[in-house]
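Per-entry structural report
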Amino acid sequence: MKKLLKTLLLVALALVVVLFVIYRVLLSLSAPSQELAPDARVAAILENSGCLSCHTANPELPFYADVPVAGKLVKEDIEAGYRAFDITPLMEALKGGTTPNVVDVAKVEKVALDKSMPEAKYYLMHWGSQMTDAKASAIAEWAQNFRVAYYNDGLEGERAGEPIRPIIPSQNVDERKAELGFALFHDPRLSVDNTVSCASCHALDMGGVDNHQYSHGVEERLGGVNAPTVYNAVYNFVQFWDGRAKTLAEQAAGPPLNPVEMASESFDEIIAKLQQDENYVKLFAELYPEGITEATITNAIEEFERTLVTPNSQFDKWLLGDDNALTAQELRGYELFKEYSCATCHTGVNLGGESYELMGLRRHYFEERGLELTEEDNGRYKQTQDERDRHRFKVPGLRNVELTWPYYHDGSRLTMDDAVRDMALYQCDVELAEGEVQDIVAFLRTLTGEYKGEKLSNKNEYGVIVVDDHDHE
């Protein structure tokens, strides 16, 4: 009897080994042919791996979705997957031959290299969907080649495929229009009572912000959202936290008529005041045949803001080949920044500004924040009325971030330490060790660049902000 039992155990073990080998063979066979074009190959990998089962608005539910307990888990996973990432635009780009979003590329690359998707409970039910070394390598090679071609910024060697790119300033700026835009940007006559200019909330000597939790408009009226920096805003795919402006000119048209910011009744009112200035009349006539109009005012401001780029940061110098530009701690911080997926959303030239992302992806930020919800907390939902967009915001760029406190759309974090620690918690469900926080902050400090040949600084003392009219140290 014992001999029979032993034999059965050996047979069972052998069967398990055979099944495992078959499973691995199936996995290897499931990798798309290398003869496919890179885009087509990646699209096939994503389809075969089951990404469309969770990361689309209308996925096809598996047969077991109707099973009482398992079905509930399946539907919760699908809801969470789509909430985190909609893969549809990427698949359309891969199959249609158009340019994919850089954040979508970074996200897919990261989960492939980590082999964090698909989850085990999915690929155990769908043999062949598991991410293999061959699939991950194919995706990584595709992602790095995409960046080299997309940015065309001259990065070479092992840094050519980095998710963060250096600022390469464009020379395509009309200098005379930019000079006019500079004057308008600093002109309080765009406000109803001639007291507030664009520079009041976006001071160029304060990192392009005002270091207030909420900016102060005419008659000291408080806005409901933290003012983002104007430096490097040209690299954002949209403007404002909720993305309601597609261009810098559209953004420039907003604050002058906002009742709590500059509160002018109309651009006709602003134009009437500017037309009383002979210098403005002369400049506009020389640069714009139509003279002073809303469109020419905002175009000039846009042209000026296109000059607000800050190249030559320590990190840019390292990207471009200077091995001595970063310390060991700063390099550790960058590696942690990538390891914890920060560089998937904070990617590209501006380390952000390329996508909308959910605030509180892994933990409930707004439930734990301790403040009442406001209209501004709805984020992109204000514009789309799509429930998926509630609490979703344009990702802020991290250039010069050491100068632009306080942080988040609600200005609720006073220091980079706080912001980094809580971003890891709410977006990645990771509790960083104190050393990791300091390493990442050290890296973030290397992102401060130069404006007009001088390193950007903030005349305000670091850490001194205004919250609801009270100074906080």
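Structure shown above.
A brief report on the enclosed structure follows.

Definitions and limits used
Residues numbered from 1 in each chain as written. Predicted model: local features only at pLDDT ≥ 70, side-chain atom pairs only at ≥ 80, totals over all residues. Heavy atoms only, no water. Axes fitted to C-alpha atoms, helices over the stretch in contact; angles between N-to-C directions. Helix = DSSP H or I, 4+ residues; strand = E, 2+ residues; numbered from the N terminus. Parallel < 35°, antiparallel > 145°, perpendicular 65-115°, else oblique. Left-handed = near helix turned anticlockwise from the far one by under 90°. Contact = heavy atoms within 4.5 Å. Nonpolar A, V, L, I, M, F, W, Y, C, P; charged D, E, K, R; others polar. Buried < 20%, exposed > 50% of the residue type's maximum accessible area, 1.4 Å probe, protein only. Expected span 1.5 Å × (residues − 1). Polar contact = N/O pair within 3.5 Å; in protein donor to acceptor, adjacent residues only side chain to side chain. Core = buried A, V, L, I, M, F, W, Y, C linked by side-chain atoms within 4.5 Å. Disulfide = S-S within 2.5 Å.

Notes on the packing of helix 2 (residues 38–48) against helix 7 (residues 133–151)
- Where helix 2 meets helix 7, the closest approach of the two axes is 10 Å, and the angle between their N-to-C directions is 135°. Compared by their axis directions, helix 2 and helix 7 come out oblique. Along this stretch, helix 2 crosses helix 7, giving a crossing that reads as left-handed. Across from Pro38, Asp39, Arg41, Val42, Ile45 and Leu46 in helix 2, the residues of helix 7 making contact are Lys135, Ala138, Ile139 and Trp142.
- Classifying every residue of the contact of helix 2 with helix 7 gives seven nonpolar, no polar and three charged.

Let's talk about the environment of Ala199
- Looking at the secondary structure, you find Ala199 in helix 9 (residues 198–201).
- A residue is classified by how much of its surface remains accessible, and Ala199, at 13% relative accessible area, is buried.
- Remark: the alpha-carbon pair of Ala199 and Ser457, spanning 258 residues in sequence, is separated by 16 Å.

Digging into helix 5 (residues 102–114)
- Taking 1.5 Å of rise per residue, the 13 residues of helix 5 would be expected to cover 18 Å, and the 18 Å separating its terminal C-alpha atoms lies within 8% of that figure.
- In terms of burial, helix 5 is a largely internal element, 10 of the 13 residues being buried.
- Within the sequence span of helix 5, burial applies to Val102, Val103, Asp104, Val105, Ala106, Lys107, Val108, Glu109, Lys110 and Ala112.
- For helix 5, the side-chain oxygen to backbone nitrogen distance between the N-cap and Val103 is 2.7 Å, and the N-cap itself is Asn101.

So, the nonpolar core
- The biggest cluster of nonpolar side chains holds 37 residues, and the ones touching the most others in it are Ile164, Phe315, Phe337, Leu432, Phe443 and Leu444.
- Mapped onto this core, the elements with two or more residues apiece are helix 14 (314–319), helix 15 (328–339), helix 17 (365–368), helix 19 (416–428) and helix 20 (434–445).
- When residues of this core are assigned to their parent elements, the largest contribution, six residues, is made by helix 19.
- Not counting residues within four places of it along the chain, the set of residues in contact with Phe443 comprises Ile164, Phe315, Glu330, Gly333, Tyr334, Phe337 and Leu351.

Things to note about the state of the cysteines
- Scanning the model with the defined rule gives zero disulfides in all.
- Here Cys201 is not disulfide-linked; the sulfur of Cys198 is the nearest cysteine sulfur, at 8.6 Å.
- In this structure Cys201 comes out as buried when scored by relative accessible area, which is 12%.
- The thiol of Cys428 is unpaired, and the distance to the nearest cysteine sulfur, on Cys342, comes to 5.5 Å.
- For Cys428, a relative accessible area of 25% gives the class partly exposed.

Concerning unusual backbone geometry
- A cis amide bond links Met117 with the next residue in sequence, Pro118, at an omega value of -5°.
- Cis geometry is adopted by the peptide bond preceding Pro406, which originates at Trp405 and carries an omega value of -10°.
- As for its placement among the helices and strands, Pro406 is situated in the loop between strand 2 (392–394) and helix 19.
- In the Ramachandran plot, Asn194 falls in the positive-phi region, its phi being about 60° despite a non-glycine side chain.
- Its place among the elements puts Asn194 in the loop between helix 8 (175–185) and helix 9.
- Exposure remark for Asn194: the relative accessible area of 39% places this residue in the partly exposed category.
- Non-glycine residue Glu219 carries a positive phi angle of around 55°.
- Among the secondary structure elements, Glu219 is positioned in the loop between helix 9 and helix 10 (248–252).
- On the accessibility criterion, Glu219 (61% relative accessible area) is exposed.

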